[in-house]
Amino acid sequence: MKLVHTCGVTLLLSAMLPALAADAPKTLHLASLDWLPFSGSSLPNDGLSGAIVTAAAKQIGGSVKVDYFTWKEAVEKGEADPSFIGYFRVFYSEERTKKCYFSAPIGKAVTGIGCHKDAPVQWKTQADLATLKIGIVDGYANGDAFDAAVKQGKQPVEVSASDTNNIRKLVTKKLPAIVVDKQVLHFESAYMAQLEASAK
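Overview of the structure. Because the structure is a prediction, the values reported are computed rather than measured.

What follows deals with the packing of aromatic side chains. Applying the stated rule across the entire model yields 6 aromatic pairs. Centre to centre, the rings of Phe-69 and Phe-84 are 5.9 Å apart; their planes meet at 70°, and the pair counts as edge-to-face. Note that Phe-69 is positioned in the loop between β3 (63–68) and α2 (71–80) and Phe-84 in the loop between α2 and β4 (86–91), a separation of 15 residues in sequence. When its relative accessible area of 3% is taken as the criterion, Phe-84 is described as buried. When the ring of Trp-71 is compared with that of Tyr-140, the centres are 6.1 Å apart and the planes differ by 80°; the resulting orientation is edge-to-face.

Now the structure itself:
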């Protein structure tokens, strides 16, 4: 896996900030996605990031309610639905600062190019990836250079609704490479291998 970017991961608060009003309820309603092991409805405390968000809310005497969607839906809910104060776990981008406020970072992520061990992807610059169709998740920020190349039509991509779908395409060799968080790739790959073993 080659590094695309390392960044802080934050909670993105709606520009409306309804939960910060003086008469706001103590429960902060957030949108997220199943992004194991960082966030997920099946994980204790809503995952690693969910636990951090909950602990932060307790510091101000509040609690957290998380609803789960695809990432694209989570962004739409967190940015535009007045019943949500925001969404998490999100990478910082200049484009997003125009719509919302970022909290302090709640973790770190290492996102890179996931590929097959028997067919490694060798690259040094963004242009080196242009010969490959790379799997991405709808609505994810994948680094300024990569996202710019996609917008300019210089980088072929195949869009999926989730990392799980992308990792399946990688494992079954339907795609030569995907953009993915290192821990998410390891967690999901191990889980898929476990399911496959138990089915035999």
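Alright, that's what it looks like, and here's the rest.
With that out of the way, let us pick up helix α1 (residues 47–59). Between its first and last C-alpha atoms α1 spans 19 Å; for 13 residues at 1.5 Å apiece the expected length is 18 Å, and the two agree. When we look at burial in α1, the residues that qualify are Gly-47, Ser-49, Gly-50, Val-53 and Ala-57. Viewed along the axis of α1, the buried residues span an arc of 115°, placing them on a single side of the element. Among the exposed residues of α1, those pointing more than 90 degrees away from its buried face are Lys-58 and Gln-59. The elements touched by buried residues of α1 are β2 (27–32), β3 and β4.

Moving on to the pattern of salt bridges. A full pass over the atoms with the stated rule returns 7 salt bridges. Two residues, Lys-65 and Asp-67, come together in a salt bridge whose shortest N-O distance is 2.9 Å. Residue Lys-77 is joined to Asp-81 by a salt bridge in which the shortest nitrogen-to-oxygen separation is 3.7 Å.

Before going further, it helps to examine the pairing of strand β8 (residues 157–160). The sheet contact formed by strand β7 (residues 134–137) and β8 spans 4 bridges and is parallel. Note on β8: the bridge partner recorded for Val-137 is Ser-160. What joins β7 to β8 is helix α4 (residues 144–151), and the crossover it makes is right-handed.

Let us look at unusual backbone geometry. In this structure, the amide linkage connecting Leu-36 to the following residue, Pro-37, adopts the cis form with an omega of 10°. For Pro-37, the location among the structural elements is in the loop between β2 and α1. Residue Arg-89 is reached from Phe-88 by a cis peptide bond, and omega for that bond is 0°. Of note in the backbone geometry, Asn-45 takes a positive phi value of approximately 60° without being a glycine. Its location among the elements puts Asn-45 in the loop between β2 and α1. Phi angles above zero are rare outside glycine, and Asp-46 is one such case at about 65°. Mapped onto the elements of the fold, Asp-46 is located in the loop between β2 and α1.

Each value, and the rule that gives it
- Residues numbered from 1 in each chain as written.
- Predicted model: local features only at pLDDT ≥ 70, side-chain atom pairs only at ≥ 80, totals over all residues.
- Heavy atoms only, no water.
- Phe/Tyr/Trp six-rings, centres within 6.5 Å; stacked < 30°, edge-to-face > 60°.
- Helix = DSSP H or I, 4+ residues; strand = E, 2+ residues; numbered from the N terminus.
- Buried < 20%, exposed > 50% of the residue type's maximum accessible area, 1.4 Å probe, protein only.
- Expected span 1.5 Å × (residues − 1).
- Arc of directions from axis to C-beta.
- Contact = heavy atoms within 4.5 Å.
- Salt bridge = Lys/Arg side-chain N within 4 Å of Asp/Glu carboxyl O.
- Pairing = 2+ DSSP bridges.
- Right-handed = clockwise from strand over helix to strand, strands pointing away.

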